[in-house]
Amino acid sequence: MSKLRKTLDRIKEEAYQAGFNDGRKAGITLGIEMGIQHAGEVMSAELHRFKYPEGHEARWNYKVDSLRPDDNSTFEFTYERYEDRVKKRESAASMASRYSKKRGSKVKVK
């Protein structure tokens, strides 16, 4: 009887381990799926913050915030860099102000 009892105990233990490992596999799969879902939500929020930066506070510990422009101009797709757009805008404003000074106009350019 003791040999039969040992065999039954071993079968029970192996069945328990198989169920435990199967449950562990399901738990790991669920954890990975939850992590992917959370990463997608975080990336969606970060993309929104990057695309529409006005109204969002600057966070001190996020390096991506240093790359974000100050206004909501990033929704216009172009291959030029943001710095180039700002330089072009500033040079156009300075040329307009020079032109208005030449003409003697009192109109201020934004």
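What you are looking at is a predicted structure, and each value in this text was computed from that prediction instead of being measured.

### Considerations on the overall build of the protein chain
What the protein chain contains, in helices and strands, is three helices and zero strands. Starting at the N terminus and ending at the C terminus, the protein chain contains elements arranged as α-α-α. Looking at the 110 residues of the protein chain, the share that counts as buried comes to 11%. Here the analysis covers contacts within the protein chain between residues at least 6 apart in sequence; of these, 4% occur between residues at least 24 apart. Summing over all exposed atoms, the protein chain offers an accessible surface of approximately 10,100 Å²; the carbon and sulfur share of this is 60%.

### With respect to the packing of aromatic side chains
For the structure on display, the rule yields one aromatic pair. Here the aromatic rings of Tyr16 and Phe20 are separated by 6.2 Å at their centres, their planes lie at 25°, and the arrangement is stacked. Taken as a pair, Tyr16 and Phe20 lie in helix H1 (residues 2-51) at a separation of four residues, close to a single helical turn. You can call Tyr16 exposed: its relative accessible area is 53%.

### A word on the side chain of Glu46
On the secondary structure map, Glu46 appears in helix H1. Every residue in contact with Glu46, bar those within four places of it in the chain, is listed here: Arg59, Tyr62 and Val64.

### Looking at the environment of Glu54
Assignment of secondary structure puts Glu54 in the loop between H1 and helix H2 (64-67). For the pair Glu54 and Asp71, spaced 17 residues apart in sequence, the C-alpha separation works out to 5.8 Å.

### With respect to helix H3 (residues 82-103)
End to end, H3 covers 32 Å across 22 residues, agreeing with the expected 32 Å (1.5 Å per residue, within 8%). Those residues of H3 that sit buried are Arg85, Val86 and Ser100. Considered in projection along H3, the buried side chains sweep an arc of 100° and stay on one side of the axis. Residues of H3 that are exposed and point over 90 degrees away from its buried face: Lys87, Met95, Arg98, Tyr99, Lys101 and Lys102.

Calculation rules
- Residues numbered from 1 in each chain as written.
- Predicted model: local features only at pLDDT ≥ 70, side-chain atom pairs only at ≥ 80, totals over all residues.
- Heavy atoms only, no water.
- Helix = DSSP H or I, 4+ residues; strand = E, 2+ residues; numbered from the N terminus.
- Buried < 20%, exposed > 50% of the residue type's maximum accessible area, 1.4 Å probe, protein only.
- Contact = heavy atoms within 4.5 Å.
- Areas by Shrake-Rupley, 256 points an atom, 1.4 Å probe, with all protein chains shown as cover.
- Phe/Tyr/Trp six-rings, centres within 6.5 Å; stacked < 30°, edge-to-face > 60°.
- Expected span 1.5 Å × (residues − 1).
- Arc of directions from axis to C-beta.

Everything listed is a geometric property; what it means functionally is a separate question.
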